[in-house]
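# Chains, contacts and geometry: an overview
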Amino acid sequence: MADAEASRWISTFLDACAAELGAARNTQLAYGRDLVDFADWLARRGMGFAEAGREAVEDYLVHCDAQGLSKATRARRLSSIRQLYRFAFEEGWRQDNPALRLTGPGRAQSLPKTLTEAEVIRLMEAARTRGRNPVDRLRDTALFELLYATGLRVSELVGLPVAAVRGNPRMILVRGKGDKERMVPLSGPARTALADWLAQRDADDDAGRKAGRTPSRFLFPGEGREGHLTRQHFHSLVKDVAVLAGISPARVTPHVLRHAFATHLLANGADLMVIQTLLGHADVATTEIYTHVLDDHLKDLVLTKHPLARKS
């Protein structure tokens, strides 16, 4: 059976999948089964997730093939392992992703789910009207504008200290996974939404001080243990806003908005290395998947805008 450390890796990863990616219960169970099987295989060879290298992952896939598992099952297991190690890398548990460049058995690399620019605009408009009161509407607007303007991970967004946005800055310092820092620029709409939210938040803090309450150090305070809005709460909020915007909630998660940030930048001419820096990716290979989106964009331009394109 998987040891305590492996169990901790798996449970933390699955919690993040539920909160940040909106993974369905059945998907989480499938990930869990795949990773427990991999952990048990490693344990029989005296290894754990932290020590396994690319060769170990390859040997495990050969083992799965020898067991007669289907291509679909082997592809899913590789995907589970790759995502676990991507999460471990972002958390600072590993300095690499040993499964990153491995090719699955006959299954093409899937593109990240994203939204069109028009759909994002509809989400922004819905966020301005969803809240039960003016305070909630100001907070929700700031959350959505900030997420789409910066591509922050949801954990980075909800845990942002209020000090980071004081003074109407054009760029903010973000402390990401593995305690790594990066600077991200703010758009005009994001700065406006933040200024409106800060004015309301400061007024609430002043009232709280008079009642003997200590102001929160977080930009988006919450009543939970962490002291800020939780990832689960924000995930639920995103689903509600999607419904209000007339978009299937199955298509919209905080992580999808992060993908939309990256794909829209790339489609509008941003450099891949810049996007890598803004997303906080340590390896440009992680960012390169977005080039497929650019390929589709260029194909569409040729087919629809070129003067010699055939008329259907």
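Residues numbered from 1 in each chain as written. Predicted model: local features only at pLDDT ≥ 70, side-chain atom pairs only at ≥ 80, totals over all residues. Heavy atoms only, no water.

## Points about the overall build of the protein chain
Of the regular secondary structure elements, the protein chain holds 13 helices and two strands. Here the protein chain holds 312 residues, and 45% of them are scored as buried. Expressed as a percentage of contacts within the protein chain between residues at least 6 apart in sequence, the contacts between residues at least 24 apart total 61%. Accessible surface, the protein chain as shown: approximately 16300 Å² in total, 53% of it carbon and sulfur. (Helix = DSSP H or I, 4+ residues; strand = E, 2+ residues; numbered from the N terminus. Buried < 20%, exposed > 50% of the residue type's maximum accessible area, 1.4 Å probe, protein only. Contact = heavy atoms within 4.5 Å. Areas by Shrake-Rupley, 256 points an atom, 1.4 Å probe, with all protein chains shown as cover.)

## Details of the packing of aromatic side chains
Both the distance between ring centres and the angle between the ring planes are used here to describe each pair of aromatic rings. Enumeration according to the criterion identifies twelve aromatic pairs in this entry. Each ring, one from W9 and one from W93, has its centre 5.1 Å from the other, and the planes form 40°; the classification is tilted. Here W93 lies in the loop between α4 (71–91) and α5 (117–130) and W9 lies in helix α1 (residues 4–21), a separation of 84 residues in the sequence. W9 gets classed as buried once you look at its relative accessible area, which sits at 2%. (Phe/Tyr/Trp six-rings, centres within 6.5 Å; stacked < 30°, edge-to-face > 60°.)

## Some thoughts on unusual backbone geometry
With phi around 50°, N168 is a residue other than glycine that occupies positive phi space. By secondary structure assignment, the location of N168 is in the loop between α7 (154–158) and β1 (171–175).

## A look at the pairing of strand β2 (residues 181–185)
The side-chain alternation of β2 yields one buried face, formed by R182 and V184, and one unburied face, formed by E181, M183 and P185. In this sheet, β2 lies alongside β1 in antiparallel orientation, the contact comprising five bridges. In the sheet register, V174 faces β2, and the bridge partner there is R182. Connecting β1 to the antiparallel partner β2 that follows it, the hairpin turn spans five residues, and G178 within it adopts a positive phi of roughly 70°. (Pairing = 2+ DSSP bridges.)

## So, helix α9 (residues 231–244)
In this model α9 runs 20 Å from its N-terminal to its C-terminal C-alpha over 14 residues, within 8% of the 20 Å that 1.5 Å per residue would give. For α9, the set of buried residues is F234, H235, L237, V238, K239, V241 and A242. Backbone geometry just after α9 places G246 at a positive phi near 80°. (Expected span 1.5 Å × (residues − 1).)

## Describing helix α11 (residues 272–279)
Looking at α11, one finds that the buried residues are L272, I275, Q276, L278 and L279. The buried side chains of α11 occupy one side of the element, clustering within an arc of 165° when seen end-on. Two residues or fewer after α11 comes G280, characterised by a positive phi angle close to 80°. (Arc of directions from axis to C-beta.)

## Some words on a nonpolar patch on the surface
Nonpolar side chains collect at one region of the surface, where M171, L173 and M183 lie side by side and expose about 270 Å² of accessible area between them. Tracing the sequence through the fold places M183 in strand β2. (Patch = residues over 30% accessible without salt bridge, like charges linked within 9 Å, V, L, I, M, F, W, Y side chains within 5 Å. Salt bridge = Lys/Arg side-chain N within 4 Å of Asp/Glu carboxyl O.)

## Describing the confidence of the model for the protein chain
A low pLDDT means the predicted coordinates there should not be read in detail. Across the protein chain, the average pLDDT comes to 84, with 85% of residues at or above 70. Across the protein chain, the secondary-structure element scoring lowest on mean pLDDT is helix α13 (residues 291–305), at 54, and the one scoring highest is helix α6 (residues 134–150), at 95. (pLDDT = per-residue confidence, 0-100.)

## Regarding the side chain of R191
Mapping R191 onto the fold places it in helix α8 (residues 188–210). No salt bridge is formed by the buried R191; the nearest opposite charge belongs to D196, separated by 12 Å. (Lys, Arg positive; Asp, Glu negative; His and termini not counted.)

## Digging into the environment of H281
Mapped onto the secondary structure, H281 falls in the loop between α11 and α12 (284–287). Residue classification places H281 among the buried positions, given a relative accessible area of 11%. When the C-alpha positions of H281 and K177 are compared, they lie 9.6 Å apart, and in sequence the two are 104 residues distant.

## A few points about the side chain of E156
If you trace the backbone, E156 turns up in helix α7. Of note is the side chain of E156, whose polar atom sits 2.6 Å from the side chain of R153. Within the local environment of E156, its side chain forms a polar contact with the side chain of R182, the two groups lying 2.8 Å apart. Excluding anything up to four places from it in sequence, E156 contacts V174, R175, G176, K177 and R182. (Polar contact = N/O pair within 3.5 Å; in protein donor to acceptor, adjacent residues only side chain to side chain.)

## A short note on the nonpolar core
Counting residues in hydrophobic clusters, the biggest one holds 48 residues, and the most contacted among them are L123, F144, L146, L219, F220 and F234. Secondary structure elements with two or more residues in this core: α5, α6, α7, β1, α8, α9, α10 (254–267) and α11. With six residues, the single largest contributor to this core is α10. (Core = buried A, V, L, I, M, F, W, Y, C linked by side-chain atoms within 4.5 Å.)

## Structural notes on the packing of α6 against α10
It is the contact of α6 with α10, at a shortest axis distance of 7 Å, that shows an interaxial angle of 45°. For the element pair α6 / α10, the angle class is oblique. Two secondary-structure elements touch here, α6 through F144, L147, Y148, A149 and T150 and α10 through P254, L257, A260, F261 and H264. When the residues that make up the contact of α6 with α10 are grouped by side-chain class, the tally is eight nonpolar, two polar and no charged. (Axes fitted to C-alpha atoms, helices over the stretch in contact; angles between N-to-C directions. Parallel < 35°, antiparallel > 145°, perpendicular 65-115°, else oblique. Nonpolar A, V, L, I, M, F, W, Y, C, P; charged D, E, K, R; others polar.)

## Concerning the packing of α5 against α6
Running from amino to carboxyl end, α5 crosses α6 at an angle of 160°, the nearest separation of the two axes being 7 Å. With respect to α6, the axis of α5 lies roughly antiparallel. Contact residues: E117, V120, M124, A127, R128, T129 and R130 in α5; R137, D140, T141, F144, E145 and Y148 in α6. Looking at the contact of α5 with α6 residue by residue, the classes come out as five nonpolar, two polar and six charged.

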